[in-house]
Amino acid sequence: MITGFVSLTLQAQLSKSETRLFFLSNPHYISDGFDFPVGKPDAKGYYNAQGFGKNLHLGDDWNGKGGGNTDLGDPVYACANGFVIQAEDLGGGWGNVVRVIHVLSFEPLVVVESVYAHLDKMEIQPGMGVKRGNLIGTIGTAGGRYYAHLHFEIRTNPFMDIGGGYSSDTKGFTDPTEFIQQNRTN
Ligand SMILES: [Zn+2]
């Protein structure tokens, strides 16, 4: 859950051209399917407390089935192969946020972004390639703001401003659970 609206300049965010160059030089980081970002690969032991669209939520909120802060420090995994464009404390309702770009295909070009928010620790850096299932961080509370959970988004329009986590305007966002179920590994 994210409360309050924050709008930050993403100075530490890598550019579209840097991202394009990375995938052209490292084609083995092109996606070969998607898994869930917790309890890999199927979110075993977790539940989605607030799905996409509920209360105008733009993502999923993954919580450990133990409730409360029992999931604090649990591993968060890259949902697919990709390129890390940002790993930064954005403050406000966001806390530590990791953003990863995924290329599904070059011809035609299909690109999505995954967003992992409120992390306790971040284990990757901008400019790194990640493979599906790699550790990218741990579940956190955004500095004590919430009970520990992972706010997770899939954006069909990558490189947008981070936004506010809730909106009636869902343009550029998609239901993460639906997307992952439609793009599982072969
Ligand atoms: Zn959320």
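Being a predicted model, the structure only gives us computed values, none of them experimental. (Residues numbered from 1 in each chain as written. Predicted model: local features only at pLDDT ≥ 70, side-chain atom pairs only at ≥ 80, totals over all residues.)

Some words on the pairing of strand E2 (residues 60-64)
The element E2 is largely enclosed, with a buried count of 5 among its 5 residues. Because side chains alternate across E2, one face comprises the buried residues Asp 60, Trp 62 and Gly 64, and the other comprises Asp 61 and Asn 63, equally buried. Of the pairings in the sheet, the one linking strand E1 (residues 46-48) to E2 comprises 3 bridges and is antiparallel in character. Along E2, the bridge assignment pairs Tyr 47 with Asn 63. (Buried ≥ 20, exposed ≤ 12 C-beta atoms within 10 Å, placed from the backbone. Helix = DSSP H or I, 4+ residues; strand = E, 2+ residues; numbered from the N terminus. Pairing = 2+ DSSP bridges.)

Let's talk about the environment of Thr 185
With respect to the element layout, Thr 185 can be found in the segment after helix H3 (176-182). Owing to 12 C-beta atoms within 10 Å, Thr 185 belongs among the exposed residues under this scheme. Separated by 18 residues in sequence, Thr 185 and Ser 167 place their C-alpha atoms 30 Å apart. Once residues within four sequence positions are removed from consideration, Thr 185 is found in contact with Asp 32, Gly 33 and Asp 35. (Contact = placed C-beta atoms within 7 Å.)

Considerations on the nonpolar core
Val 76, Phe 83, Val 98 and Tyr 116 are the most contacted members of the largest nonpolar core, which totals 40 residues. For this core, the leading source of residues is strand E6 (residues 110-119), giving 6 residues. With residues near it in sequence (within four places) discarded, Val 76 still touches Pro 37, Val 38, Tyr 116, Leu 119, Ile 136, Gly 137, Thr 138, Ile 139 and Leu 150. (Core = buried A, V, L, I, M, F, W, Y, C linked by C-beta atoms within 7 Å.)

Looking at unusual backbone geometry
In the segment running from Lys 40 into Pro 41, the intervening peptide bond is cis, with an omega of 0 degrees. For Pro 41, the position within the fold is in helix H2 (residues 39-43). Geometrically, the link from Glu 107 to Pro 108 is a cis peptide bond, its omega value of 0 degrees lying close to zero. Position of Pro 108 relative to the elements: it lies in the loop between strand E5 (96-105) and E6. For Ala 43, which is not glycine, the phi torsion reads 65 degrees and is therefore positive.

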